[in-house]
Amino acid sequence: MSKVYIYKGFERFWHWSQASLIMFLAVTGFEVHGTFDIFGFEKAVAFHRTASWLLLGLIVISIFWHFTTGEWRQYIPTTKNLKEQLRYYLVDMFRGKQHPTKKTQLRKLNPLQRLVYLSFKLVLIPMTLISGIMYMLYKSFDENNIVIVEDYPLEDIAFWHTLGAILLIVFLIVHVYMTTTGETPTSNINAMITGYEDLEDTPKTSEKKEEEKNDVNPTKKVKQ
Amino acid sequence: MYKSIIIVIVIIIATLVAVNVSHEDEPANLKLEQLKQKYAFKAVPSVDHHKLDVLHKKFETPQEVTETCLTCHTETHKEVMASSHWNWDRLSYVKGKGVYASGKKNVLNNFCIGANSNEKSCAKCHIGFGMDSNHYDFTNARNVDCMVCHDNSEEYFKGSSMAGYPDRTVNLENVAQSVGLPTRNNCGSCHFFSGGGNNVKHGDLEVAQLSCDREVDVHMATNGMNMECVACHTATNHQIKGKLYSVSTNNINRAKCQDCHTTTPHFNDVLNRHGSKIACQTCHIPEYAKVNSTKMSWNWSDAGKLKDGEPYSIEDSLGNHSYLSIKGSFDWQRNVKPDYVWFNGTAEQYRLGDSITTDVVKMNTLHGSYNDRNSKIIPVKIHRGNQIYDTEYKRIIQPLLYGDKKGDSAYWNDFNWVTAAKKGMEIAGQPYSGKFDFIKTESYWPLNHMVSPKDKALSCVDCHTRTGGRLENLTGFYLPGRDTNKTLDAVGKWLLIFAVFGVVSHAGLRIGQDLKHNRYKKQVIDHNKEEQPDRLDS
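This is a predicted model, so every value here is computed, not measured.

**Looking at the overall build of chain A**
Then, number 1: Along the backbone of chain A there are eight helices and two strands.
Then, number 2: The secondary structure elements of chain A, listed N-terminal to C-terminal, are β-α-α-α-α-α-α-β-α-α.
Then, number 3: Evaluated residue by residue, chain A yields a buried proportion of 42% over its 224 residues.
Then, number 4: Contacts in chain A between residues far apart in sequence, at least 24 positions, make up 68% of those at least 6 positions apart.

Written out as structure tokens, the structure reads:
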């Protein structure tokens, strides 16, 4: 075991600011929805809009970061080890078995995480974001007094936005719980705070091909 | 450790400083300042009519005054005689009905029902003299009443049931010399008292507006802008801007808030955006009839009760008639919260002779719906009543109400529906079967006056609330904060419950297994070791 610097500064900043923005948006959003009363409708709307602009800015920057650093490769989906990973969470972990996927600097996500995070980035966030932008621009006028978003019914916009919000909260609950399934219950959270995580030693030659070989599940290899 | 504490403190201080530096007080609304400045100057007439020799004479009849006016204002009578104030009628095109004439001449209402056959009394609010029947000569310029609108002496008033002639006590010479732009008094002499008393019909127009504070009417307040009616209801060639939709049908020449306040009067973009679907009046007239009560219902079917053979009246606690033998029972209300409807600027009215097709007769129908691009939500007073109708021919009856003496069939003298209905329909030239009953009626009065100061305007939660909001009854569209997708909410709730349940049971199983296999214990025991031990069974 050794401490590995796995989450970079921006990555941690992005993660925690996105997390707090999404939670704040959930609180204010569901207040606008009429679920509860905390800030009052008017303030909730104003806060929700401000936070949504911040989140939009953050997302733009983080997309830039993902592409310029090549971190986007972390989310390339794979079916390799997927079943094992699923079985680990459902069965094996109760038996005290080891994680089937080895975490490394270049391979931070297990195949299940890859799938979930990828769909989070490609489906859930865009769905909530686009419906949110449409909500925000609904009945807006441009400088020529032309209504920008009108023909699409607000009811449908609200439906997709609310659905996105509900799924985000479900994601949040499961995601927070899953952080406790690391080496120790707090090791994942610590890693996301400090950037360092205790990982099993990896070969010194951390080239990609070597990595992949190491990553393959022994049982599967035998079958092959 | 100290470093991170310092960083946190620095960030917090920096944030506080940034918030304080970037905070600005609400800037002055220059648009509003400009308007206030513009209307602060009162017009000074360029002619002092006191100084005109031609007006210094003894006028025997009011027509003589008109003739004298026309010696200088030589063509003005043509303008006036083309107006709806003169004709009690206005041509307009109504989709599906073609060109359609509507006005007090042929439209019925659920107050005093209609002018037909009752002209002598109703003409108190006509800008002409001598209208005592429905055979009035609308081409006689001598009968144009210039004074009723232009008298600035506050002396002029029309006599009761005198067919539009001034009261005999009026000093015509004095009035003729003191003419000028119409004041609130002039307009109010009819529009405040329509329906036979102060604030009876409109609910947002009444004598209190001659001298009120900003809470009552922000525009007309004497401690505010103190504006005259004609400031907004401007006129070109005596065609006055603004429409009352109990008699008007089309969407032209309306007086709109936007004419002065523009379509983006707020600093807040979200508020401005509401203007695409919500009229200014909706938020800015939170209640009407703020000083004196207005009539909310009128049941004609209760009329005709007598005590010892004589008509009588009952007053409510505020001094309003709750019952009159000649008119029936009324319900009055003060500080009323408006009803809200969609309105696109066009309307139609129940006209004398129209067939009844619904259980509740709409005396006027305001067109509009959420899906109509031109429609906005507006506040209205809904006046409800019941009135006499022909059960055979399915028509509202125009009864003869006013008469000079007993025995001439007028209801207000004889209290007999049979003869009043027969006579009224006869005069109006309408068929009548002789069989009548009473039917429920409704009329819609858009509210445009008694605008409150902005701090009294409706706030978001007055509408954006799950239950009990102002727009609770206006359904068929999605209103954030009020409407939800019930299915989605239910699915969402169960998804969350399921997620929490899944997480909790998963955690429970893990803890259970760990305890069973003493995994925690082992970790505790091994805490002195340099490295964490491998798991028990790995």
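**What about the overall build of chain B?**
Then, number 1: Helix and strand counts for chain B stand at 17 helices and 17 strands.
Then, number 2: For 538 residues, the compact-globule formula gives about 24 Å, and the C-alpha radius of gyration of chain B, at 33 Å, lies well above that figure.
Then, number 3: Across its three principal directions, the C-alpha atoms of chain B cover 120 × 60 × 50 Å.
Then, number 4: For chain B, the residues scored as buried account for 43% of the 538 residues in total.
Then, number 5: Taking all contacts inside chain B whose residues are at least 6 apart in sequence as the whole, residues at least 24 apart take part in 68%.

**Comments concerning the nonpolar core**
Residues and elements named next belong to chain B.
Then, number 1: Core analysis: the largest hydrophobic core is formed by 31 residues, its most contacted members being Leu108, Trp300, Tyr350, Ile356, Val361, Ile396 and Tyr411.
Then, number 2: Within the residue set of this core, elements represented by two or more residues are strand E10 (328-333), strand E15 (376-390), helix H15 (417-428) and strand E17 (436-446).
Then, number 3: Sorting elements by how many residues they give to this core places H15 first, with five residues.
Then, number 4: Not counting the four nearest positions on each side in its chain, isoleucine 396 is found in contact with Leu108, Tyr350, Ile356, Val361, Gln387, Ile388, Tyr389, Met425, Ile439 and Thr441.

**With respect to helix H3 (residues 82-90) of chain A**
All names here are of chain A.
Then, number 1: All of the buried residues in H3 are Leu82, Glu84, Gln85, Tyr88 and Tyr89. Buried residues of H3, seen end-on, are gathered within an arc of 165° and therefore sit on one face of the element. Every exposed residue of H3 that faces more than 90 degrees away from the buried side is listed here: Lys83 and Leu90.

**What to know about the interface of chain B and chain A**
Then, number 1: On the chain A side, the residues contacting the 36 residues of chain B number 41 residues.
Then, number 2: Together, Arg273, Tyr478 and Arg510 of chain B form the three largest contributors to the area buried by chain B at its contact with chain A, with a combined 20%.
Then, number 3: Our enumeration of links across chain B and chain A arrives at zero salt bridges.
Then, number 4: Those elements that provide at least two residues to the side of chain B that touches chain A are helix H12 (269-274) and helix H16 (486-516) of chain B.

**Digging into the packing of helix H2 (residues 41-69) of chain A against helix H4 (residues 111-137) of chain A**
Residues and elements named next belong to chain A.
Then, number 1: For the pair H2 and H4, the least separation of the axes is 12 Å and the interaxial angle reads 140°. The orientation of H2 with respect to H4, classified from their angle, is oblique. Considering how the two elements wind past one another, H2 and H4 form a crossing that is left-handed. Of the residues in H4, those touching H2 at Arg49, Ser52, Trp53, Leu56, Ile59 and His66 are Lys121, Ile125, Leu129, Ile133 and Met136.

**Observations regarding the pattern of salt bridges**
Residues and elements named next belong to chain B.
Then, number 1: Counted by the stated rule, this structure contains 17 salt bridges over all chains.
Then, number 2: Note that arginine 273 is salt-bridged to aspartate 269, the shortest N-O span being 2.5 Å. Here aspartate 269 and arginine 273 lie together in helix H12, a separation of four residues that amounts to about one turn.
Then, number 3: Looking at arginine 273, the relative accessible area reads 11%, which means it is buried.
Then, number 4: Overall, the relative accessible area of 43% leaves aspartate 269 in the partly exposed class.

**Let's talk about helix H9 (residues 184-191) of chain B**
Then, number 1: Burial in H9 of chain B covers these residues: Arg184, Asn186, Gly188 and Cys190 of chain B.
Then, number 2: Check the buried side of H9 of chain B and you find it contacts helix H7 (147-150) and helix H10 (229-232) of chain B.

**A closer look at the environment of leucine 108 of chain B**
Then, number 1: As for its placement among the helices and strands, leucine 108 of chain B is situated in the loop between strand E2 (98-102) and helix H6 (119-122).
Then, number 2: Beyond its immediate chain neighbours, meaning those up to four positions away, leucine 108 of chain B contacts Ile113, Gly114, Tyr350, Leu352, Met363, Ile396 and Gln398 of chain B.

**Some remarks on empty space enclosed by the protein**
Then, number 1: Counting across every chain of the model gives one cavity of 30 Å³ or more.
Then, number 2: Of the pockets and cavities examined, the largest cavity occupies roughly 60 Å³.
Then, number 3: As for the largest cavity, its lining consists of His33, Glu155, Ala158, Phe159 and Thr162 of chain A together with Tyr478, Thr484, Asn485 and Leu488 of chain B.
Then, number 4: Looking at the lining of the largest cavity residue by residue, the classes come out as four nonpolar, four polar and one charged.

**Some details on the packing of aromatic side chains**
Then, number 1: Tallied over the full model, the rule gives 30 aromatic pairs over all chains.
Then, number 2: Their ring planes at 25° and their centres at 4.5 Å tell us that phenylalanine 120 of chain A and phenylalanine 171 of chain A sit as a pair that is stacked. Of this pair, phenylalanine 120 of chain A sits in helix H4 while phenylalanine 171 of chain A is found in helix H5 (residues 154-178), placing the two residues 51 residues apart along the sequence.
Then, number 3: Between tryptophan 342 of chain B and phenylalanine 477 of chain B the ring centres are 5.3 Å apart and the planes differ by 85°, which places this aromatic pair in the edge-to-face class. Taken as a pair, tryptophan 342 of chain B in strand E11 (residues 339-343) and phenylalanine 477 of chain B in the loop between E17 and H16 lie far apart in primary sequence, 135 residues in all. The residues tryptophan 342 of chain B and phenylalanine 477 of chain B share a single accessibility class, namely buried.
Then, number 4: The structure contains a cluster of three or more aromatic residues connected by ring pairs, namely Phe111, Trp298, Trp300, Phe330, Tyr411, Phe415, Trp417, Phe436, Phe438 and Trp445 of chain B.
Then, number 5: Its end group placed over the ring of tyrosine 312 of chain B, lysine 307 of chain B keeps NZ or CZ at 4.4 Å from the ring centre.

**Some details on the confidence of the model for chain A**
All names here are of chain A.
Then, number 1: Mean pLDDT over chain A works out to 85, with 87% of the residues at or above the 70 mark.
Then, number 2: Here helix H8 (residues 218-223) stands out as the least confident element of chain A, with mean pLDDT 39; helix H1 (residues 9-33) is the most confident, with 96.
Then, number 3: Predicted confidence is poor over residues 204-224, with pLDDT under 50, and the contacts of this stretch with residues over four places away or in other chains come to 20 contacts.

**Quick notes on the environment of lysine 97 of chain B**
All names here are of chain B.
Then, number 1: As for its position among the elements, lysine 97 is in the loop between strand E1 (90-94) and E2.
Then, number 2: Using a relative accessible area of 41% as the deciding quantity, one classes lysine 97 as partly exposed.
Then, number 3: C-alpha of lysine 97 to C-alpha of glutamate 348: the two residues are 251 residues apart in sequence and 9.8 Å apart in space.

**So, the pairing of E1 of chain B**
Residue and element names in this part refer to chain B.
Then, number 1: Pairing of E1 with E2, which is carried by five bridges, proceeds in the antiparallel orientation. Counterpart to tyrosine 93 in the pairing with E2 is valine 99.
Then, number 2: Linking two consecutive strands that pair antiparallel, namely E1 and E2, is a turn of three residues; a positive phi of about 90° is found at glycine 96 within it.

**Notes on the confidence of the model for chain B**
Then, number 1: When the pLDDT values of chain B are averaged, the result is 92; 96% of them are 70 or greater.
Then, number 2: Two numbers describe this predicted complex: its pTM, 0.87, and its ipTM, 0.85.

**Quick notes on unusual backbone geometry**
Residue and element names in this part refer to chain B.
Then, number 1: Despite not being glycine, asparagine 226 has its phi angle at roughly 50°, a positive value.
Then, number 2: Looking at the secondary structure, you find asparagine 226 in the loop between H9 and H10.
Then, number 3: One non-glycine residue, phenylalanine 415, adopts positive backbone phi at about 55°.
Then, number 4: Mapping phenylalanine 415 onto the fold places it in the loop between helix H14 (411-414) and H15.

Criteria and thresholds
- Residues numbered from 1 in each chain as written.
- Chains lettered and ligands numbered in written order.
- Predicted model: local features only at pLDDT ≥ 70, side-chain atom pairs only at ≥ 80, totals over all residues.
- Heavy atoms only, no water.
- Helix = DSSP H or I, 4+ residues; strand = E, 2+ residues; numbered from the N terminus.
- Buried < 20%, exposed > 50% of the residue type's maximum accessible area, 1.4 Å probe, protein only.
- Contact = heavy atoms within 4.5 Å.
- Rg over C-alpha atoms; globule rule 2.2 N^0.38 Å.
- Core = buried A, V, L, I, M, F, W, Y, C linked by side-chain atoms within 4.5 Å.
- Arc of directions from axis to C-beta.
- Buried area = accessible area lost by both parts, 1.4 Å probe.
- Salt bridge = Lys/Arg side-chain N within 4 Å of Asp/Glu carboxyl O.
- Axes fitted to C-alpha atoms, helices over the stretch in contact; angles between N-to-C directions.
- Parallel < 35°, antiparallel > 145°, perpendicular 65-115°, else oblique.
- Left-handed = near helix turned anticlockwise from the far one by under 90°.
- 1 Å grid on protein atoms, 1.4 Å probe; cavity = no way out; pocket = protein on both sides within 12 Å on 5 of 7 lines; lining within 4 Å.
- Points joined across faces, edges and corners; volume = space filled by probe spheres on them.
- Nonpolar A, V, L, I, M, F, W, Y, C, P; charged D, E, K, R; others polar.
- Phe/Tyr/Trp six-rings, centres within 6.5 Å; stacked < 30°, edge-to-face > 60°.
- Lys NZ or Arg CZ within 6 Å of the ring centre and 35° of its normal.
- pLDDT = per-residue confidence, 0-100.
- Pairing = 2+ DSSP bridges.

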